[in-house]
Amino acid sequence: MYNIYFAKTEQLESFAKELKKLARVFAPLAKDAQSPKQTDYLYQRLCEDTALAFNPYRTVEPLKSFFTYKYEKVADYFNSAKNLTDITEKTVIFGVKSCDIAGHKIQDFVFLEGVEVDSLYRARRENTIIISGDCTDFKEVCHCLAWEIMPFPSAGFDLNLSPLNDGFIVEVGSKKGQELVNQHKDYFTPVKDTQIAGRNAKRQSILDRLKRHLLFQNLVSKDQVQNLIREGFSLDTWKEFMLNCVECGGCNFICDTCHCFLLADSSQKQQQNGKLRLWDSCQYKNYARVAGGANPQKTRAARLRFRFTKKFDFFVDNLGAPACCGCGRCIEVCPGKIDIREVLKDLANKLKKQQ
Amino acid sequence: MNKNIYKPIEAVVEDIITESQTIKTFTLRPKENFSFRTGQFIELTLPGIGEAPFTPSSDPNVKDKIDVTIMNAGSVTSLLHNIPKNSSLGIRGPYGKGYPLEKFHGKDVLIVGGGVGLAPLRSLVLSLFGQIDKYKKLVLRYGARTGGDLIYKDAIPEWSRKPKVDLVTTVDVGDPSWKGHVGLVTTILEDLPVNLGNAVGIVCGPPIMMKFVTMKLLDVGFKPKDIYLSMEKNMSCGLGKCGHCRLGSYYTCKDGPVFTYEEVKDLHDIWD
Ligand code: SF4
Ligand code: SF4
Ligand code: FES
């Protein structure tokens, strides 16, 4: 068990200022500061005088964007002795939410486990401090609870902040987090029982509100979903929903759990000569095309289904849990208004009718 | 410790053999230690251009050189076909599981190849020759579109003279110079000289050929668990990370590329 502290709002501000001396510090910034409960939050690198804001719900960008980039060089060719993993910078990220942490387990599974470790990813992971926070509100699209993810994290962070009226409860979740607190003792005081009670009350309140929000949506549950996807393989759902897909790839790029990439080679004329890694989308036409021209995912319907079988069948088989954290980012981003909740519900409804 | 899994090692093109109008074999000499098991694949980089997966066609017991037989079929392969000797290429790998040779011990081994699908099988055949006393019999069946599309023209007669080997080739379309069998590869799979209770069938070729050969083998009495297929999927990383090669709940690159028919038969779209 790790320790738990209290920090007044000003103390946390000063702590963040100290952190800026040690590392790059990113924190969410409200797009529209006038309406903090309706606006979107975007990550911003804190400079000298930007104040720390507390986001009531998740940011626009997924957490993965700190660990793999949309487009980056991952290796030099053989003529270079340079090792790209040596140049990661110390980073602190505020404003991470429970869904992000859950989604990030998928990224960790992909890049840190399996046949080989991605040492670039690992270096970034080791050099990053994750400071998460409880959700105090939610977006319409949020549905973490459907996947049995709470709107406040219980593990997977270095420090977690639970806002109270005059400050924050700071829960330590790792050795790295504890070291950071030890180095900045002045900003933290022992937590009082009344403060813990305050946190519990706030947590219960968000939980109740979110439950109410999701209740009438009648969402598919975690233990149903794999069967649903398998049995729904030949349903018309895929054809019907794909009609609006413009193959932009947004749903994949914005997703906390999507991890597909393409390795490419940069032209010899460019200085950036070497292996590039680009985020890729399974909704793109040539995603699965082989050199001879065959393409097992030729139609948009097949590709939409491919995205779902990856999340709800492949990952249940390989990791024991679906690869969706209910953040709802893909719902917000989709120009075709394709809603992951609706697709799953449609499968369930159609199967029910068949019986 | 901090090994970069995306970084290729350098290999020099030592020799280039033209096998047919569309197929060439490149002999590569890696500049660092490199070894593979038969059936595993490598990613070959043409620096500044791109990368593509190939299963080496040489004997894995030869450690200093690797042969890669390449069909001119896409953008990277057409450029590879034009590189001169002594060019530097990059290789990553080897990836995947390869053929489980121990499982073939004491058995009749049937090997069916189509077109450039004979490339990985050549590596397999050469490693089987290296320990031939471990196998009862090698039955080779190879089909190409025309006589001109047959690859390893010099090696094939030599293989057929080896003890324990029974080899038949066929072409889909005959011509006056072709003296052998004419017909699809499935037509030379009748009355196979194998003991079905103690045989394995290994198939590599274009998906449509693998489909019909598999059906045929099931038909003549092979069990799904004794049919080994090389699945072709779009591979990029080779490491089970990029997602491209997914086949149901497998990644072809790390769980394959060789699967038994038993493992894949219930998955959707395996031949597409
Ligand atoms: S699939 Fe959609 S809701 Fe689920 S984790 Fe990805 S972006 Fe979030
Ligand atoms: S965001 Fe919507 S339109 Fe874009 S690829 Fe995904 S499903 Fe298709
Ligand atoms: S080739 Fe990248 S996961 Fe298989």
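Peer 1: Which residues make up the pattern of salt bridges, and what are the values?
Peer 2: For the structure on display, the rule yields 41 salt bridges over all chains. Note that Arg230 of chain A is salt-bridged to Asp317 of chain A, the shortest N-O span being 3.1 Å. Highlighted residues: Arg230 of chain A in helix H6 (residues 225-231) and Asp317 of chain A in helix H9 (residues 300-319), separated in sequence by 87 residues. With a closest N to O distance of 2.3 Å, Glu14 of chain B and Arg29 of chain B form a salt bridge. One end of the pair, Glu14 of chain B, is in strand S1 (residues 9-18); the other, Arg29 of chain B, is in strand S2 (residues 23-30), and 15 residues separate them in sequence. One connected set of salt bridges, linked through shared partners, spans Asp40, Arg58, Lys139 and Glu332 of chain A.

Peer 1: Would you mind going over the environment of Ser87 of chain B in detail, with residue names and values included?
Peer 2: All names here are of chain B. Looking at the element boundaries, Ser87 is found in the loop between helix H1 (75-80) and strand S6 (88-95). Through-space distance from the C-alpha of Ser87 to that of Leu28 is 9.6 Å; in sequence the pair is 59 residues apart. Contact partners of Ser87, with chain neighbours within four places excluded, come to Ala11, Val12 and Val13. A distance of 2.5 Å separates a polar atom in the side chain of Ser87 from the backbone oxygen of Pro84.

Peer 1: I'd love a proper account of the packing of H9 of chain A against helix H11 (residues 340-354) of chain A, names of residues and values included.
Peer 2: Residues and elements named next belong to chain A. Where H9 contacts H11, the axes come no closer than 12 Å and their chain directions differ by 85°. Taken together, H9 and H11 sit at an angle that is classed as roughly perpendicular. The residues of H11 that touch H9, namely those facing Arg307, Phe308, Lys311 and Phe312, are Ile340, Val343 and Leu344. For the contact of H9 with H11, the residue count by class is five nonpolar, no polar and two charged.

Peer 1: Provide a residue-level description of the interface of chain B and chain A, including the pertinent values.
Peer 2: Every contact between the two is made by 41 residues of chain B and, on the other side, 50 residues of chain A. Across the chain B/chain A interface, buried area totals approximately 3700 Å², and carbon plus sulfur atoms make up 54% of it. For chain B, the biggest contributors to the area lost against chain A are Tyr6, Lys241 and Arg246 of chain B; these three give 21% of the whole. Linking chain B with chain A are two salt bridges, by the criterion used here. Our count for the chain B to chain A interface comes out at 25 residue pairs in polar contact (both at pLDDT 80 or more).

What counts, and where the lines are drawn
- Residues numbered from 1 in each chain as written.
- Chains lettered and ligands numbered in written order.
- Predicted model: local features only at pLDDT ≥ 70, side-chain atom pairs only at ≥ 80, totals over all residues.
- Heavy atoms only, no water.
- Salt bridge = Lys/Arg side-chain N within 4 Å of Asp/Glu carboxyl O.
- Helix = DSSP H or I, 4+ residues; strand = E, 2+ residues; numbered from the N terminus.
- Contact = heavy atoms within 4.5 Å.
- Polar contact = N/O pair within 3.5 Å; in protein donor to acceptor, adjacent residues only side chain to side chain.
- Axes fitted to C-alpha atoms, helices over the stretch in contact; angles between N-to-C directions.
- Parallel < 35°, antiparallel > 145°, perpendicular 65-115°, else oblique.
- Nonpolar A, V, L, I, M, F, W, Y, C, P; charged D, E, K, R; others polar.
- Buried area = accessible area lost by both parts, 1.4 Å probe.

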